[in-house]
Amino acid sequence: YLSGSEIAFNTLKNMPYTAISVGWGWTKELTSLHSNSIHNNYISGAMKLLSDGGGIYLVSYQPETMIYNNYISDMRLSEWATFKFFSVIYLDNGVGGVNVFDNFYNNIYSSDGERGKFFFDQKGNLGNFYSSGRNLKINSIVFGVSGIY
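Residues numbered from 1 in each chain as written. Predicted model: local features only at pLDDT ≥ 70, side-chain atom pairs only at ≥ 80, totals over all residues. Heavy atoms only, no water.

Participant: I'd like a rundown of the side chain of serine 44, residues and numbers included.
Facilitator: In this structure, serine 44 sits in strand E5 (residues 42-44). For serine 44, the contacting residues outside a window of four places in its chain are Leu12, Lys13, Asn14, Ser73 and Asp74. (Helix = DSSP H or I, 4+ residues; strand = E, 2+ residues; numbered from the N terminus. Contact = heavy atoms within 4.5 Å.)

Participant: With reference to specific residues and values, describe unusual backbone geometry.
Facilitator: In this structure, tryptophan 26 is a non-glycine residue whose phi angle is positive, near 50 degrees. Here tryptophan 26 is to be found in the loop between strand E3 (20-22) and strand E4 (37-39). Unusually for a residue other than glycine, methionine 47 sits at a positive phi of about 65 degrees. Tracing the sequence through the fold places methionine 47 in the loop between E5 and strand E6 (54-58). With relative accessibility at 1%, the residue methionine 47 sits in the buried group. (Buried < 20%, exposed > 50% of the residue type's maximum accessible area, 1.4 Å probe, protein only.)

Participant: Break down the pairing of strand E9 (residues 86-91) for me, with residues and values.
Facilitator: Each regular strand carries side chains that alternate between the two faces of the sheet. Burial analysis of E9 places 6 of its 6 residues in the buried class, the great majority of the element. Across 4 bridges, the pairing between E6 and E9 is parallel. Following the sheet pairing, tyrosine 57 is matched in E9 by tyrosine 90. (Pairing = 2+ DSSP bridges.)

Participant: Can you lay out the environment of serine 73 for me, pointing to particular residues and giving the numbers?
Facilitator: With respect to the helices and strands, the residue serine 73 is situated in strand E8 (residues 71-76). Considered as a pair, serine 73 and lysine 13 are 60 residues apart in the sequence and their alpha carbons are 9.6 Å apart. For serine 73, the contacting residues outside a window of four places in its chain are Tyr42, Ile43, Ser44, Gly45, Asn106, Asn107 and Ile108. At 3.1 Å, the side chain of serine 73 forms a polar contact with the side chain of aspartate 74. (Polar contact = N/O pair within 3.5 Å; in protein donor to acceptor, adjacent residues only side chain to side chain.)

Participant: Quick one: what's the story with the environment of leucine 58, residue by residue and with numbers?
Facilitator: Here leucine 58 is to be found in strand E6. On a C-alpha basis, the gap between leucine 58 and aspartate 92 in space is 6.0 Å, while along the polypeptide they are 34 residues apart. In this view, leucine 58 contacts Val22, Ile38, Thr65, Ile67, Tyr90, Leu91, Asp92, Val95 and Val98; residues no more than four positions away in its chain are not counted.

So far we have only geometry, and geometry alone does not tell us how the molecule works.
Structure below.
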């Protein structure tokens, strides 16, 4: 479990699965996982082969963790994916206490035209994170976007 870690100023291209992943345990309980920062990363072409992931993926309760000022582009659901889902920023089971703001995305496509989403919360709602800023789509056609927050 990471605490106080910073993942910043990276360029990640053409990844078969998730580009950045933080967390373990699928729990809502307080652990040593907290206060991490994911910012100023350039991610292009994540999720080339698999599904059920994203450009940035978090799992488990992570208070005081921040995801901001990342640029994520050129994601398309793989034709070989069996679970037809991916997201630009994916908050999986147990995630809470995370601030997601000022992220940018472009050219996010879903092969079925319905499930290429900017943001996904495992519960299907926005109740487990707070946003103090904006997340913006930049000049792209995005299918199945759940919203711009």
